[in-house]
Amino acid sequence: MTDHTVACSYKIPVGPLHVALEEPMYFRVAVKGETIETVELNAGHVHRGVEYLATKRTLLQNMILTERICSLCSNSHPEALAMAAETIGAVEVPERAQYLRVIAGEVKRVASHLFNVGILAHLVGYEALFMHAMQVREVAQDLKEAVYGNRMDLGAHCLGGTRCDMDDEAITYMRSALDKLEPDVRELEKTYRTNGSILRRTRGIGILSHADAIACGVVGPVARASGIQYDVRTAAPYHVYDRLPVNVPVLDGCDVWSRAMIRLSEAVNSIEILRVCLDQLPEGPINDGGDPYIPPGQAIARTEAPRGELVYYLKTNDNPEPERLKWRVPSYPNWDALTFMLKEAKVADIAIIVNSIDPCISCTER
Amino acid sequence: MTRFPENFEASLNAAAPHGVNLTTTTDDHGVSVMWCELADRDDLSAVGECLRSYHARLAMVTANKPPAPEEEEEEQDEEDEGAAEAEAHVPEQSMSFGGTPQDGTSYELVYHFDVGGDYVNVVAFLPAGGSIASLTPLFRSADWPEREIMEIYSVTITNHPDPRRLFLDESIDGAVLDRLIPFSQMANASTSDELWARVMAAAKEA
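Model, not experiment: these values are computed from the prediction. (Residues numbered from 1 in each chain as written. Chains lettered and ligands numbered in written order. Predicted model: local features only at pLDDT ≥ 70, side-chain atom pairs only at ≥ 80, totals over all residues. Heavy atoms only, no water.)

Asker: What should I look at first to understand the overall build of chain A in this one?
Answerer: Across its full length, chain A carries 14 helices and eight strands. Taken over C-alpha atoms, the radius of gyration comes to 21 Å for chain A, in line with the 21 Å a tight globule of 366 residues would show. A principal-axis box enclosing the C-alpha atoms of chain A has dimensions of 85 × 45 × 35 Å. Split into buried and exposed, the 366 residues of chain A put 62% on the buried side. In chain A, the proportion of contacts linking residues at least 24 apart, taken out of those at least 6 apart, comes to 71%. (Helix = DSSP H or I, 4+ residues; strand = E, 2+ residues; numbered from the N terminus. Rg over C-alpha atoms; globule rule 2.2 N^0.38 Å. Buried < 20%, exposed > 50% of the residue type's maximum accessible area, 1.4 Å probe, protein only. Contact = heavy atoms within 4.5 Å.)

Here it is in structure tokens:
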């Protein structure tokens, strides 16, 4: 008989172009048999130098540019940039605009979370559920298209307020879309909670312990699934979030399943927040009509993007272009956590685990 | 009234013997942002240690190379005010807190920390060619930002446990944001028949 014992480890490449990855990232995975020993990340495949470009554009142009850094968190980028500029210029944002900003953010959150859990079903091999989740997400996509005219980049914000107002027709349409979405999202949550195929492939997989999560400084659903109760909307409230029923779900499962459940539960909460916003939406202007003057200064602004805390640092001088514009996307610290999650994992689970941090590479590398 | 713990400012002052310049603003929601300029960048590790004791999370590191301040036109001064006073103005060099010259060659590094929802931004100034100690031994999340700064600026970060390139390939010269690079070269779009010649040569060999 031949001796089949696996004596040594192998290094296998995953990426940069790989069927299970939507964007290029290169993982050098050392395996022993089917089990991963170590993982090394090699980034930089879509590095575009947007940060440099931002210093060559005026603030107004940067509102357009930053929205194109990422597709799923697109709305949060100009939102945080506007907040940083408004802090420097002491610009008062009208109350109606603050509500409209929350509405745009929460609609994006629902769509983004449904996309991620949908992809999870696809990676698990449950294609019917994947298509169902994407179909439910389609309601949110149509909602964005109907209200903002775009399905991904909403272009909702401007310096000092918002660009798009919502009339009664749009509000009625949004209410009916939310009524359609809510039971479907709740049904999805129930399926992910109970379905055997999902549970078998996601529970106890991709563990990121509470201590490791703190060490890596992870944010968003990844942090909250490892027991870290941190959400910018409650930790450092902005807009009118302190008047809204923001629920910060926390789980201590530390696995892929917990991350998915956090996202689904946040999607349900976002629908509730949206309804309250539509009820409370005050009358009034949505911006002050012109481009506010932003004097020299520096400021930091944060928003809770669908993937977690998004940080913007803006430094202005006498020129219309910023002296420095820097941002840190939620995916950036979350990548590091993969080295913990993938340790001792099975090769077959790599894609599922990578998807569980909801990675965005064009965001990370800019 | 801020949410920062009691004695927070005092501990920061104690951690940086060379001095810190603290300014804090609090918005309508009660969220505070503190700017903490270090007189001496050697105090960074001690300040990092202090923030760590408050369970701070290092969220982001920004490097910036502020441009030299524009020279002010002093023609009017000379006419109006007499020569003696004008002379006193001229040789003055703009300095950061702590005395790093702001002449367009120095850097400022801003370490953005989250302390229970509030932000502390620690600013360290580096003269051209200066180096600064790594925070990665204290904060794991400093690893990537510091590697990124090392490859886009001529900034040396000492004691970094893994100072490899992060986004840029080893074949690319470093400090890309410090150099003027012709666009065609950057986009690799310069026209020559070099590639064609190589393809033809390879075809001949085959």
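Asker: Teacher, can you tell me more about the environment of A:Tyr230 here?
Answerer: Inspection of the secondary structure assignment puts A:Tyr230 in the loop between α9 (220-224) and α10 (232-235). Residue classification places A:Tyr230 among the buried positions, given a relative accessible area of 13%. A C-alpha to C-alpha distance of 7.4 Å links A:Tyr230 and A:Gly220, two positions 10 residues apart in sequence. Contacts of A:Tyr230, omitting those with residues within four sequence positions, involve A:Arg224, A:Ala235, A:Arg302, A:Glu309, B:Arg57, B:Asp114 and B:Gly117. A distance of 2.4 Å separates a polar atom in the side chain of A:Tyr230 from a polar atom in the side chain of B:Asp114. (Polar contact = N/O pair within 3.5 Å; in protein donor to acceptor, adjacent residues only side chain to side chain.)

Asker: How do you make sense of helix α11 (residues 256-280) of chain A when you look at a structure like this?
Answerer: One turn of an α-helix holds 3.6 residues; hence residues three or four places apart share an orientation. Here α11(A) contains 25 residues, and its C-alpha end-to-end distance of 36 Å stays within 8% of the 36 Å for a straight helix at 1.5 Å per residue. The element α11(A) is largely enclosed, with a buried count of 20 among its 25 residues. (Expected span 1.5 Å × (residues − 1).)

Asker: Hey, could you run me through the sheet that holds strand β3 (residues 35-42) of chain A in this one?
Answerer: Within a sheet, neighbouring strands are paired by backbone hydrogen bonds and run either parallel or antiparallel to one another. Residue and element names in this part refer to chain A. Overall, antiparallel pairing links the three strands, which are arranged β1-β2-β3 in an open sheet. The open sheet has two free edges, formed respectively by β1 (10-14) and β3, since each of these has just one partner strand. The sheet shows a mean angle of 25° between the axes of neighbouring strands, taken without regard to direction. (Pairing = 2+ DSSP bridges. Axes fitted to C-alpha atoms, helices over the stretch in contact; angles between N-to-C directions.)

Asker: Teacher, can you tell me more about the packing of helix α4 (residues 95-124) of chain A against α11(A) here?
Answerer: Pairs of packed helices are described in terms of their axes, by the angle between the two and the distance that separates them. Residue and element names in this part refer to chain A. The contact between α4 and α11 brings their axes to 9 Å, and the two run at 155°. On the basis of their axis angle, the class for α4 and α11 is roughly antiparallel. The hand of the α4/α11 crossing is left-handed. Taken together, the residues that form the contact of α4 with α11 break down as 17 nonpolar, four polar and four charged. (Parallel < 35°, antiparallel > 145°, perpendicular 65-115°, else oblique. Left-handed = near helix turned anticlockwise from the far one by under 90°. Nonpolar A, V, L, I, M, F, W, Y, C, P; charged D, E, K, R; others polar.)

Asker: So what exactly am I meant to see when it comes to the side chain of B:Asn121 here?
Answerer: Along the polypeptide, B:Asn121 turns up in strand β5 (residues 118-126). Taking the relative accessible area as the measure of exposure, B:Asn121 reaches 0% and is therefore buried. Setting aside chain neighbours within four positions, we find B:Asn121 in contact with A:Ile300, B:Val33, B:Met34, B:Trp35, B:Cys36, B:Val110, B:Tyr111 and B:His112.

Asker: It is not clear to me how the interface of chain A and chain B should be interpreted in this structure. Could you clarify?
Answerer: The figure often quoted for interface size is the accessible area lost as the parts come together. Each partner contributes to the interface: chain A provides 41 residues, whereas chain B provides 33 residues. A buried area of about 3000 Å², summed over both sides, lies between chain A and chain B, and 56% of it is on carbon and sulfur atoms. Among the residues of chain A in contact with chain B, A:Ile300, A:Arg324 and A:Tyr332 are the three that bury the most area, contributing 18% of the side total. Joining chain A to chain B, the criterion identifies six salt bridges. (Buried area = accessible area lost by both parts, 1.4 Å probe. Salt bridge = Lys/Arg side-chain N within 4 Å of Asp/Glu carboxyl O.)

Asker: Explain the sheet that holds strand β3 (residues 57-64) of chain B here, please?
Answerer: Residues and elements named next belong to chain B. Sheet architecture is open: five strands sit in the order β1-β2-β5-β4-β3, paired in mixed fashion. Whereas interior strands pair on both sides, the edge strands pair on one side only; in this sheet they are β1 (20-26) and β3. On average, adjacent strands in this sheet sit at an angle of 15° to one another, irrespective of strand direction. Its contacts with the sheet place helix α2 (residues 44-53) against β2 (32-38), β4 (107-115) and β5, and it is angled at close to 170° to β5.

Asker: I would appreciate a short explanation of unusual backbone geometry in the present structure.
Answerer: Glycine aside, the phi torsion of most residues is negative, and most peptide linkages are trans. Not every positive phi belongs to a glycine, and A:Asp358 is a case in point at roughly 50°. On the secondary structure map, A:Asp358 appears in the loop between α13 (350-356) and α14 (361-365). What makes A:Asp358 buried here is its relative accessible area of 4%. Even without a glycine there, the phi angle at B:His55 is positive, about 60°. Tracing the backbone through its elements, the reader meets B:His55 in the loop between α2 and β3.

Asker: How do you make sense of the pairing of β3(B) when you look at a structure like this?
Answerer: The two faces of the sheet receive side chains in turn, since in a regular strand these alternate between them. Residues and elements named next belong to chain B. Among the eight residues in β3, eight count as buried, and that is most of the element. Looking at chain direction, β3 and β4 are connected through seven bridges and run antiparallel. Along β4, the bridge assignment pairs Val61 with Tyr111.

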